[in-house]
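Summary of structural features
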Amino acid sequence: MSLLTVEDLKLHYPVRGGVFNTTKAWCKAVDGVSFSLNPGETLGLVGESGCGKSTVAKSVVRLLKPTAGKVVFEGHDITHSRSGALRTLRRQMQMVFQDPAESLNPRHTVGQILEDPFIIQRLGSRTDRGERAVELLQRVGLSADAIHRYPFEFSGGQRQRFGIARALAL
Ligand SMILES: Nc1ncnc2c1ncn2[C@@H]1O[C@H](COP(=O)(O)OP(=O)(O)OP(=O)(O)O)[C@@H](O)[C@H]1O
Ligand SMILES: [Mg+2]
């Protein structure tokens with residue numbers, strides 16, 4: 001059985017405008033994408049800027065609700081899953097965002113950022129979470145003292161590693 005199956009996925013963004021900010025048109029960012037992935041497989045999606053790659057990824061992890069099509073993860077159709085089911089799904093499926101500057105809260109320390117997934121999922125004690133944060137930093141090749149610092153104190157590549165560590169957390 002494949003780990004992930006995406007069938008005829010469509011994601012159309014509303015284009016708003018006018019005095020009443022109504023939907024004037026639709027931007028067909030993703031319009032009929034299908035693929036499947038087996039455990040251990042890696043899929044690269046290549047295409048020009050703005051062609052819809054990130055939109056596919058965000059739809060697959062259900063940060064966006066697909067306009068049409070189907071996303072099946074480990075045999076479960078998650079296309080229409082609601083918040084409770086999605087929260088459980090987050091333990092198995094995570095995203096590393098394209099822009100680390102935008103996806104890490106600038107007001108939170110690296111430690112807080114890495115503990116967030118455990119807090120949201122109500123996992124472990126405060127001490128456990130702290131220990132896990134240090135382990136995660138080591139796993140992505142950064143030193144434990146990053147815990148008390150803020151994302152802006154790091155390079156773009158180091159920040160991206162915080163995003164990877166957070167994605168691996170659960
Ligand atoms: N929230 C949004 N509302 C409306 N249109 C959007 C939104 N997000 C993205 N788009 C549009 O959807 C299209 C696809 O965007 P997407 O971010 O998926 O591209 P991409 O392939 O990841 O590009 P890049 O290689 O630059 O990261 C773009 O034309 C973009 O303008
Ligand atoms: Mg992108």
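Check the entry above for the structure.
Read on for a plain summary of the structure. Keep in mind the model is a prediction, meaning the values are calculated, not measured.

1. Structural notes on the pairing of strand S3 (residues 68-73)
Direction of pairing for strand S1 (residues 4-17) relative to S3: antiparallel, over a ladder of 5 bridges. The partner of glutamate 7 across the bridge, within S3, is lysine 70. By the bridge criterion, 2 bridges tie S3 to strand S4 (residues 76-77) in an arrangement that is antiparallel. The residue of S4 that forms the bridge with phenylalanine 73 is histidine 76.

2. A few points about the pairing of S1
The side chains of a regular strand alternate between both faces of the sheet. Inspection of the sheet shows S1 paired to strand S2 (residues 22-37) by 12 bridges, in the antiparallel sense. Bridging from a neighbouring strand, glycine 17 pairs with threonine 22 of S2. Connecting the antiparallel pair S1 and S2 is a turn made up of 4 residues, with glycine 18 showing a positive phi of about 80°.

3. Remarks on the nonpolar core
Core analysis: the largest hydrophobic core is formed by 11 residues, namely Leu104, Val110, Ile113, Leu114, Ala133, Leu136, Leu137, Ala146, Phe162, Ala165 and Ala169. Contributing elements (two or more residues each) for this core: helix H4 (110-120), helix H5 (126-139) and helix H6 (156-168). The next biggest cluster of nonpolar side chains, apart from the first, holds 10 residues, and it includes Val6, Leu11, Val56 and Val71.

4. A look at the site of ligand 1
What surrounds ligand 1 is the set Tyr13, Cys27, Ala29, Gly47, Ser49, Gly50, Cys51, Gly52, Lys53, Ser54, Thr55 and Gln98. Listed by contribution, the elements that provide at least two residues to the shell around ligand 1 are S2 and helix H1 (53-60). Among the elements that make up the shell around ligand 1, the one with the highest residue count is H1 (3 residues). Its residues assigned to classes, the shell around ligand 1 shows 4 nonpolar, 7 polar and 1 charged.

5. As for H1
The complete set of buried residues in H1 reads Thr55, Val56, Ser59 and Val60. Around the axis of H1, the buried residues are gathered within 135° of arc, so they sit on the same side. The secondary structure elements touched by the buried residues of H1 are S1, S2 and S3. Just past H1, the residue arginine 62 takes up positive phi, approximately 60°.

The rules behind the values
Residues numbered from 1 in each chain as written. Chains lettered and ligands numbered in written order. Predicted model: local features only at pLDDT ≥ 70, side-chain atom pairs only at ≥ 80, totals over all residues. Pairing = 2+ DSSP bridges. Helix = DSSP H or I, 4+ residues; strand = E, 2+ residues; numbered from the N terminus. Core = buried A, V, L, I, M, F, W, Y, C linked by C-beta atoms within 7 Å. Buried ≥ 20, exposed ≤ 12 C-beta atoms within 10 Å, placed from the backbone. Near = placed C-beta within 6 Å. Nonpolar A, V, L, I, M, F, W, Y, C, P; charged D, E, K, R; others polar. Arc of directions from axis to C-beta. Contact = placed C-beta atoms within 7 Å.

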